[in-house]
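Topology and contacts: notes
Spelled out, the chains give:
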Amino acid sequence: AKNIQLLCQKLINEFNGEIPANREALVTLPGVGRKTANVVLSVAFDIPAMAVDTHVERITKRLGLCRWKDSVLEVEETAAEAVVEEVTEEVENIAE
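Structural notes, computed from the coordinates. Keep in mind that this is a model prediction, so the values were computed, not measured.

In this structure, Leu-7, Leu-11, Leu-26, Leu-29, Val-32, Ala-37 and Leu-41 together form the largest nonpolar core, which totals seven residues. Elements represented by at least two residues in this core include exactly α1 (2-15) and α3 (34-45).

The structure is reproduced here in structure tokens:
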């Protein structure tokens, strides 16, 4: 509850009551980390972003998309690249 109050105060005082549409500003809000920021960007602003939680991290590592020693940020980048490549392939197949 404390972070919610602090987040609301910061939104009003620093962002004129508007939710920022960029990750750098979002993560400055109390209680907002990279995963939450990515969800907000994706859902609220239709900006492509991938939220990597423990499950996504484990699955990508077990599938061999990422190395076991990769950080969450590295997993996010690798998984996002894989998704972009897959979508690009699908679009190219449709165009043929």
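Resuming the write-up.
In this section: a nonpolar patch on the surface. Taken together, the side chains of Ile-19, Phe-45 and Ile-47 make up a nonpolar region of the molecular surface, amounting to roughly 230 Å² of accessible area. The exposure class assigned to Ile-47 is partly exposed, which follows from its relative accessible area of 32%.

Glancing now at helix α4 (residues 54-62). Considered for burial, the residues of α4 that qualify are Glu-57, Thr-60 and Lys-61. All buried residues of α4 lie within an arc of 100 degrees about the axis, which places them on one face of the element. Exposed residues on α4 whose side chains face more than 90 degrees from its buried face are His-55 and Arg-62. You can read the cap of α4 off the contacts: a side-chain oxygen lies 3.1 Å from the backbone nitrogen of His-55, and it is on Asp-53. In the segment just after α4, Gly-64 is the residue with positive phi, at about 85 degrees.

Below, the discussion takes up a negative patch on the surface. On the surface, Glu-77, Glu-81, Glu-85, Glu-86, Glu-89 and Glu-92 cluster together into a negatively charged patch. On the basis of relative accessibility, which here comes to 47%, the residue Glu-92 falls in the partly exposed class.

This paragraph deals with the environment of Lys-2. Mapped onto the elements of the fold, Lys-2 is located in helix α1. The exposure class of Lys-2 is exposed, given its relative accessible area of 63%. Once the C-alpha coordinates of Lys-2 and Asn-13 are considered, the two residues, eleven residues apart in sequence, prove to be 17 Å apart.

This brings us to the layout of surface pockets. Of the voids in this model, the largest pocket is the one considered here, and its volume is about 150 Å³. For the largest pocket, the full set of lining residues is Arg-23, Arg-34, Pro-48, Ala-49, Met-50, Glu-76, Glu-77, Ala-80, Val-83 and Val-84. At five residues, helix α5 (residues 72-95) tops the list of elements feeding residues into the lining of the largest pocket. The class makeup of the residues in the lining of the largest pocket is six nonpolar, no polar and four charged.

Definitions and limits used
- Residues numbered from 1 in each chain as written.
- Predicted model: local features only at pLDDT ≥ 70, side-chain atom pairs only at ≥ 80, totals over all residues.
- Heavy atoms only, no water.
- Core = buried A, V, L, I, M, F, W, Y, C linked by side-chain atoms within 4.5 Å.
- Buried < 20%, exposed > 50% of the residue type's maximum accessible area, 1.4 Å probe, protein only.
- Helix = DSSP H or I, 4+ residues; strand = E, 2+ residues; numbered from the N terminus.
- Patch = residues over 30% accessible without salt bridge, like charges linked within 9 Å, V, L, I, M, F, W, Y side chains within 5 Å.
- Areas by Shrake-Rupley, 256 points an atom, 1.4 Å probe, with all protein chains shown as cover.
- Salt bridge = Lys/Arg side-chain N within 4 Å of Asp/Glu carboxyl O.
- Arc of directions from axis to C-beta.
- Polar contact = N/O pair within 3.5 Å; in protein donor to acceptor, adjacent residues only side chain to side chain.
- Lys, Arg positive; Asp, Glu negative; His and termini not counted.
- Charge placed at Lys NZ, Arg CZ, Asp CG, Glu CD.
- 1 Å grid on protein atoms, 1.4 Å probe; cavity = no way out; pocket = protein on both sides within 12 Å on 5 of 7 lines; lining within 4 Å.
- Points joined across faces, edges and corners; volume = space filled by probe spheres on them.
- Nonpolar A, V, L, I, M, F, W, Y, C, P; charged D, E, K, R; others polar.

Just geometry here; none of it tells us what the structure is for.
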